[in-house]
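Fold and geometry: a report
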Amino acid sequence: EGQLQPRNVREELKALFQNRSDSFSKELNWLLINKPVPSLIQDGPQCGLVALWMAGHLLDAPEAVSLEKIVNCAVENNYTVQGEMFSGDNMVNLAKEVFTCHGELLTDGLMGSNRSRILSHLKAGYPVLIPYDEDFNHEPCLRKGHRAHWAVLTGVLLGLKCKLLEDVYEKDRDIPGLHHLAGGAAGASYPEDCVVEIYLLAKQGKSLKYQLWEYERVHQSNVQLAEFSPKRGNDGTAYIVPDGGVKLGLCGVVILLQPLFPASKLTAPTTNN
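Every residue gets a number counted from 1 within its own chain, in the order that chain's sequence is written. In keeping with the predicted nature of the model, local features appear solely for residues at pLDDT of at least 70, side-chain atom pairs appear and are counted solely at 80 or more, and the whole-chain, interface and lining totals rest on all residues. Only heavy atoms go into the side-chain values, all of them from the structure, while hydrogens and water stay out.

**Quick word on the pairing of strand β8 (residues 195-203)**
Our working rule: Relative accessibility thresholds used throughout: buried, under 20% of the residue-type maximum; exposed, over 50%; partly exposed, between the two (1.4 Å probe, protein chains only). Secondary structure elements follow DSSP: runs of H or I of four or more residues count as helices, runs of E of two or more count as strands, with numbering from the N terminus. Two strands pair if DSSP finds at least two bridges between them.
For β8, a buried count of seven out of nine residues is recorded, marking the element as mostly surrounded by other parts of the structure. Pairing geometry for β8 and strand β9 (residues 211-214), over four bridges, is antiparallel. Opposite L201, over in β9, you have L212 as the bridge partner.

Here is the structure:
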């Protein structure tokens, strides 16, 4: 079930970087950190359940968890009818039940004090689930929640104005200015005020490929989820929407997941399979 990337993930992410190289300042050192997950294309409105299935590969589950098990558990708990997930609370509870993991629901989006929490979580190799409005190219947009969709974040691309230590970071052999964590490094460390630009590495259930999203753009999309799509409301299909609607269920929601008993010493996240 699911599909790992057909080629080395680091190479895929490097191609993403190169394709948008004009967007990245040559004055900054760029640090790429990612813990890859397999891809899975959703069948119907299962974006949240598929994103959770992908995230589960970073949660040290004692045995493989199928998408069917996640769907069945969500239906049994009355979280969903068609696969839709319009409640962050329900998503956290579902994750805890099927993966026996720790889950924390943040509110107010990706900025403020949440920013450092989210970055630390991703740098440690743990997944983040995020609802947003999906544009036709799958990137975040502003549609008031009418195109609400879920994605899993598994890594970051940081533009840093400080020098990177060679014993902790290695220069990419092909792309000037791009760096990765050196093999054996315990984790990324740099002064917070060195961070100038942030991009998020995301996967979602309508593409097998990773996407690279501007951090601020994801935040803006996340905090304007307020309305149930009129198109969905008139399609004659039953959906479960929490009391308070999409605004209460999804607006500003960010979900941090990690193993219930994380290793005391984390293996550094990589961009390899």
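**Examining the nonpolar core**
Put simply, the rule reads: What makes a nonpolar core is a set of buried Ala, Val, Leu, Ile, Met, Phe, Trp, Tyr and Cys residues whose side-chain atoms join them at distances within 4.5 Å. The contact definition used throughout considers only heavy atoms, calling two residues in contact when any of these lie within 4.5 Å.
L52, I70, L94, L129, W150, L157 and L257 are the most contacted members of the largest nonpolar core, which has 54 residues in total. Here the element with the most residues in this core is helix α2 (residues 47-55); it accounts for eight residues. In this view, I70 contacts L49, L52, W53, V65, L94, V98 and F99; residues no more than four positions away in its chain are not counted. In terms of nonpolar packing, the next biggest core, distinct from the first, is built from 32 residues, I118, I130, L153 and V218 among them.

**Describing the layout of surface pockets**
Here is the rule we go by: Here a cavity means grid points, on a 1 Å grid over the protein atoms only, where a 1.4 Å probe fits yet cannot get out; a pocket means an open set of points with protein on both sides within 12 Å along at least five of seven lines; lining residues are those with an atom within 4 Å of a point. Grid points are joined across faces, edges and corners, and a volume is the space filled by probe spheres set on the points.
Estimated volume of the largest pocket: approximately 250 Å³. Forming the walls of the largest pocket are Q42, P45, C47, E134, H146, R147, A148, H149, K206, S229, K231 and R232.

**Some words on the confidence of the model for the protein chain**
The following threshold applies: Per-residue confidence from the predictor is given as pLDDT, running between 0 and 100.
Mean pLDDT over the protein chain stands at 91; residues scoring 70 or higher make up 92%. Here residues 264-270 scores under 50 on pLDDT; set against residues more than four positions off or in separate chains, the count is 16 contacts.

**A short note on the pattern of salt bridges**
Keep this limit in mind: Within this document, salt bridges are pairs made up of a side-chain nitrogen of Lys or Arg and a carboxyl oxygen of Asp or Glu, the two lying within 4 Å of each other.
According to the stated counting rule, one finds nine salt bridges in the structure shown. Through salt bridges with shared partners, one network takes in E11, K14, D172 and D174.

**Some words on the packing of aromatic side chains**
Worth spelling out the cut-off: Centre distance within 6.5 Å is the pairing criterion for rings of Phe, Tyr and Trp, where only the six-membered ring of Trp is used; planes under 30 degrees apart are then read as stacked, over 60 as edge-to-face, and the remainder as tilted.
Following the criterion strictly, the structure yields eight aromatic pairs and no others. When the centroid spacing of 6.1 Å and the interplanar angle of 55° are considered together, the rings of W30 and Y199 count as tilted. Highlighted residues: W30 in strand β1 (residues 29-34) and Y199 in strand β8, separated in sequence by 169 residues. Across this residue pair, the class does not change: W30 and Y199 are buried. Seen from their ring centres, F228 and Y239 are 5.8 Å apart, and the 65° between their planes marks the pair as edge-to-face. In this pair, F228 sits in the loop between α6 (215-222) and α7 (230-233) while Y239 sits in the loop between α7 and α8 (245-250), placing the two residues eleven residues apart along the sequence. These aromatic residues form a ring-pair network of at least three members: F17, F24, W30 and Y199.

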